[in-house]
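Listed below, chain by chain, are the residues.
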Amino acid sequence: MGGTEHLTVERVGATLVLTLNRPEAKNALSLPMLVGLYDGWLQADADDEVRSIVLTGAGGTFCAGMDLKALAGDGKLAGERYRDRMKADPDLHWKAMLRHHRPRKPVIAAVEGHCVAGGTEILQGTDIRVAGDSAVFGLFEVRRGLFPIGGSTVRLQRQIPRTHALEMLLTGRPYGAAEAMRIGLIGHVVPDGGALENALEIAGRINDCGPLAVEAIKASVYETAQMTEEDGLKAELERGWPIFATDDAKAGARAFAEKRAPVYRRS
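For the structure given in this document, a descriptive report is provided here. (Residues numbered from 1 in each chain as written. Predicted model: local features only at pLDDT ≥ 70, side-chain atom pairs only at ≥ 80, totals over all residues. Heavy atoms only, no water.)

1. Observations regarding the packing of aromatic side chains
Now for step 1: Going through the model one piece at a time under the given rule, you end up with 1 aromatic pair.
Now for step 2: Considering the side-chain rings of tryptophan 241 and phenylalanine 244, the 5.4 Å spacing of their centres and the 55 degrees angle between planes classify their relative orientation as tilted. With tryptophan 241 and phenylalanine 244 both in helix 11 (residues 229-244), this residue pair falls 3 residues apart, about one helical turn.
Now for step 3: Cation over ring: arginine 143 sits above phenylalanine 140, and NZ or CZ is 4.7 Å from the ring centre.
Now for step 4: In this arrangement the basic side chain of arginine 173 is found over the ring face of tyrosine 175, its NZ or CZ atom lying 3.9 Å from the centre. (Phe/Tyr/Trp six-rings, centres within 6.5 Å; stacked < 30°, edge-to-face > 60°. Helix = DSSP H or I, 4+ residues; strand = E, 2+ residues; numbered from the N terminus. Lys NZ or Arg CZ within 6 Å of the ring centre and 35° of its normal.)

Right, dumping it as structure tokens:
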């Protein structure tokens, strides 16, 4: 159901699972992968039956960052149609990496193995993050004289304490899963091989909730993040009050009173 040769798309219940699929290259980002990612975000938001998204990687690794050879248009790695898509939308790669695009549906990262450079940058665009014990994170660009231009100098300091953000950005050192959780980069550490299962469990709990409420809550969290408390509280009311008038809100209340699971219809 969609995808490209470097990215697979699968429905698991109400969750759309996007899998980076270049294990021989540690799932380094290629043109087909970026096009597939962006199309996956759009597919999830366009399908009312999809209530959450899980992003993961094949072959026991998440993403080792950009494949510069592939992005330069190596004929073996990028077909003409992918290059045409990138030419038609020069911003597509940033949208794919969640720098210039935010899906309405919650995005859960399921990380095994390496999640470094561009992998850590994509991670910052996800909402909930699960990693296996042996996962490795880091922004290695500075060690190569490069700049982590996928959004990390802006987003990382808003997601973890600035001292940790600056250390990660300025040293380019690797971080194990336990340390990444300690500084707040990820939320869960599970035994190796269990990240996807745990992410799907979290997705399942989200899927059981009212979809209009879920999407409004996510939108409110992000749009109020840089507001003053006063402005944020006003914006929260503008997002939140309409949810109480929905049929889904009434269905949730009835189900609670009748001690049964609610049936939500996005109305």
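Additional details are given in the paragraphs that follow.
2. Details of the sheet that holds strand 1 (residues 7-12)
Now for step 1: Spatial ordering of the open sheet is given by 1-2-3-4-6-9, a layout of 6 strands whose pairing is mixed. Two strands bound the open sheet, and with one partner strand each, they are strand 1 and strand 9 (188-190). For this sheet the average axis-to-axis angle between neighbouring strands, irrespective of direction, equals 20 degrees.
Now for step 2: Sheet topology note: the strand 4 (residues 107-111)/strand 6 (residues 128-132) ladder contains 4 bridges and is parallel. Bridge pairing links valine 111 to alanine 131 in strand 6.
Now for step 3: Sheet strands in contact with helix 1 (residues 31-46) are strand 1, strand 2 (15-20), strand 3 (52-57) and strand 4, and its direction is about 175 degrees off that of strand 2. (Pairing = 2+ DSSP bridges. Axes fitted to C-alpha atoms, helices over the stretch in contact; angles between N-to-C directions. Contact = heavy atoms within 4.5 Å.)

Keep in mind these numbers describe shape, not what the thing actually does.
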